[in-house]
Amino acid sequence: MSEAGAIGLQWAWLAPAACIGAFGALALPALLRRNLPRSGVLLAVGAIGFSFVLFWFLLNSLLNGAQRDFTVSWFDAGGDAFDLGLTIDPVAMVMMGVITFVSLLVQIYSLGYMRGESRLAWYFAVHSLFAASMLGLVLTNSLLVLYVGWELVGICSYLLIGFWYERRSAAEAAKKAFITTRIGDVGLLVGILLLYYKLDTFHIPTILSEVQAGALSDGVMTLSAILIFLGAMGKSAQFPLHVWLPDAMEGPTPVSALIHAATMVVAGVYFVARMLPLFEAAPAVSELVIAIGLVTAVMGATMALTSNDLKRVLAYSTVSQIGFMILALGHGALAAAMFHLATHALFKALLFLGAGNVLHAIGEHSDVDIRRLGGLRARMPVTSVVFIIAALALSGIPPLSGFWSKDEILQAIWNNGNPATLVITIVAFFLSALYMTRLVWLVFFGKLKPENQSAHEAPAVMTGPIALLGVLTLVFGFTAPDWLDNVLSLPGEATGFASFVLDKADSFHEHVVLAAISSVVALAGIAFGLALYRHDLKLPEGVDRALAPVRTLASNKYYLDDAYQWAIDRVVLATGAATAWFDRYVVNDTGVDGSGKITALTSRVLRRHQTGQVSNYILVISAGALIFVVAITLAA
Amino acid sequence: MIAIEYYLVLGAALFAVGVYGVLVRRNAVLILMSIELMLQAVNINLLAFSTYLIPRGDTEQHLGFIFAIFVITIAAAEVGLALGIVLRIYRNRSSVNVDELNRMKW
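On a predicted model such as this, the values are computed, not experimentally measured, just so you know.

Caption draft 1: Main features of unusual backbone geometry. Residues and elements named next belong to chain A. Of note, the bond from Phe239 into Pro240 is cis; its omega dihedral lies within 30 degrees of zero at 0°. For Pro240, the position within the fold is in the loop between helix H8 (218–235) and helix H9 (244–247). Backbone torsion omega between Pro398 and Pro399 reads 0°, so that peptide bond is classified as cis. With respect to the secondary-structure elements, Pro399 resides in the loop between helix H16 (381–395) and helix H17 (401–416).

Caption draft 2: The arrangement of the interface of chain A and chain B in detail. The interface of chain A with chain B comprises 10 residues on the first partner and 10 residues on the second. Taken together, the residues of the side of chain A that touches chain B break down into three nonpolar, six polar and one charged.

Caption draft 3: View of the pairing of strand S1 (residues 69–77) of chain A. Residues and elements named next belong to chain A. Across the nine residues of S1, zero count as buried, placing the element largely on the outside. Bridge count for S1 against strand S2 (residues 80–87) is eight bridges, and the pairing is antiparallel. When the sheet's bridge partners are listed, Ser73 is paired in S2 with Asp83. Remark: two residues form the turn of the hairpin made by S1 and S2, two consecutive strands paired antiparallel; Gly78 in that turn has positive phi of roughly 55°.

Caption draft 4: Fine view of the nonpolar core. Residues and elements named next belong to chain A. Val269, Ala337, Met338 and Ala349 are the most contacted members of the largest nonpolar core, which has 201 residues in total. Here the element with the most residues in this core is helix H15 (residues 334–362); it accounts for 19 residues. If sequence neighbours within four positions are ignored, Met338 has contacts with Val91, Val94, Ala273 and Val501.

Caption draft 5: Here's a closer look at helix H2 (residues 28–53) of chain B. Here H2(B) contains 26 residues, and its C-alpha end-to-end distance of 37 Å stays within 8% of the 38 Å for a straight helix at 1.5 Å per residue. Those residues of H2(B) that fall on the buried side of the exposure criterion are B:Ala28, B:Ile31, B:Ala41, B:Asn43, B:Asn45 and B:Leu46.

Rules and cut-offs
- Residues numbered from 1 in each chain as written.
- Chains lettered and ligands numbered in written order.
- Predicted model: local features only at pLDDT ≥ 70, side-chain atom pairs only at ≥ 80, totals over all residues.
- Helix = DSSP H or I, 4+ residues; strand = E, 2+ residues; numbered from the N terminus.
- Contact = placed C-beta atoms within 7 Å.
- Nonpolar A, V, L, I, M, F, W, Y, C, P; charged D, E, K, R; others polar.
- Buried ≥ 20, exposed ≤ 12 C-beta atoms within 10 Å, placed from the backbone.
- Pairing = 2+ DSSP bridges.
- Core = buried A, V, L, I, M, F, W, Y, C linked by C-beta atoms within 7 Å.
- Expected span 1.5 Å × (residues − 1).

Here it is as structure tokens:
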């Protein structure tokens, strides 16, 4: 890389702009019920491809130390100025790379997967809108714009989960996802407004420097950090707001890969990473973040282990892996969290797209019980190989990418956390390896079921992207160590991934013992999984009985859905009924109708005096005049 | 010279007769005639006040007379109009009894 290709970082705005343009070009004809030619959807692919190319130029400029913070005035309202702006720092750059790359691959994949779908233009239009709003969300330096992007990606998620809205379950899942994340978003909005109220700015770098300068009281910092984390919990599917993500699997599989594995669900991680100084200034919230991350990681892993639906296993796995990222952020390990975010985006997108290939092979769209799959390895050589690579990466087998990022997280906990957290995390790693082994074994190994005899490998437009992701999953981990700069002689301070993200020389944390432990744990998980599912190992009677309640709990999703359903039925609907009663009988019947009724009643009495007999009126007028005159005379 | 009180009492009596006629008569034509009585009562007052209250030789000496002429003119026009209405009512309803003309109400 050299100076030659350097462009100003302010040109980053072109990326979301191009995607918005593609959205407009595709959505307008779709809404007007005019048909574009089938190839029109290539506009969307072109826009995101352009963004991906732009990403490399911007990365080059960033490494060459270009200016990072840009602001233009948006509008003034009553003396308050609102700005639009960009902050292109390494964290945003990682997100931009992930978003543009995964979006590009997923859109190419969708060309094959969604072939023959009616409303194809609408599908790609929403994909473009999603890419635009996600890019806007990560590149902006204004909390206001970030919130707009945050809500827009929520809308896109809603639209795409419910893409097959003819199916009731898809429509319900879309609603559930939207409402559940909204609960967190309310917290986010209040948190943003609280910061604005106290600091009078939406500009993130200003807010963070004010926080570090101690401009806020402890109470305000704790409160705003909790509120912002609430938004992150909703978006990133953290306990107890994770319930929408498994249901979101009702959407088309490429959507699950892009939005519900690689990009949107990690927006919460990104946002917490962006606001990390605020969280560091509020230690109590960091404890909460650690607790939530840990609970989510373990809970997600156990649910992944007991779920029988192909895509839901992956969804619970996503919940669990994002828990690890949140856990790392709780320990202040920005680089570890962002690194796991990037590696996870690659291998989880791969896993979902691989699952999409499996669904495509057996001619289903979702809801596939993995127990009725099996032996697909022979029929789908490419898919199975890359799927297994991704599964090994997720399990943390060296030297695949997942190993490096999980190792970074372990080291962050080792350095800053307490031993109990470390042990629980290692247990969760073990569970990750176990559930991935279970999934891979049940789907790709064993005997091919008779109903799947016609299964076949996906076309090249679908295997190509996952093969590319597979290669990256193999090699991406090597960006972690420091030796990279010696080989490629990168300019500037940047060496390994951590140094790049932290923007300062920060050597890769080599810790041989931890690396060895995590590798052994991963191998043990895989071995145990093989023993259970390949060799039908029966657990000893006592252990089996001891695990039964946990299994029941996990397979019933810890009864959280039931609890929420109960709460909705008994609390929300009851409150709604009471409010509706009050509105109906007090506000409407008494207040609104009441005033009308009083007028009507009064007039019914008074109108009897209007007889229509003119002489009556004259009598009253004359009497009145007489009384008036007499009164005046007497008074004078 | 006759004192002004005689004129005023005559006017008041004439006016009272007119009011009585308007209130108790049922025939629209008689009501119109009663209204005429009230107007003439007013005229008597105007002439009396004009004669007695304004000194002789004053430029406004005949103001009351002019008013009275106006009242007579207006009364003539009013009666012409009102009789036309009464005639239409009679053509429509074969009656000029005001008790039956009570449609102008709720």
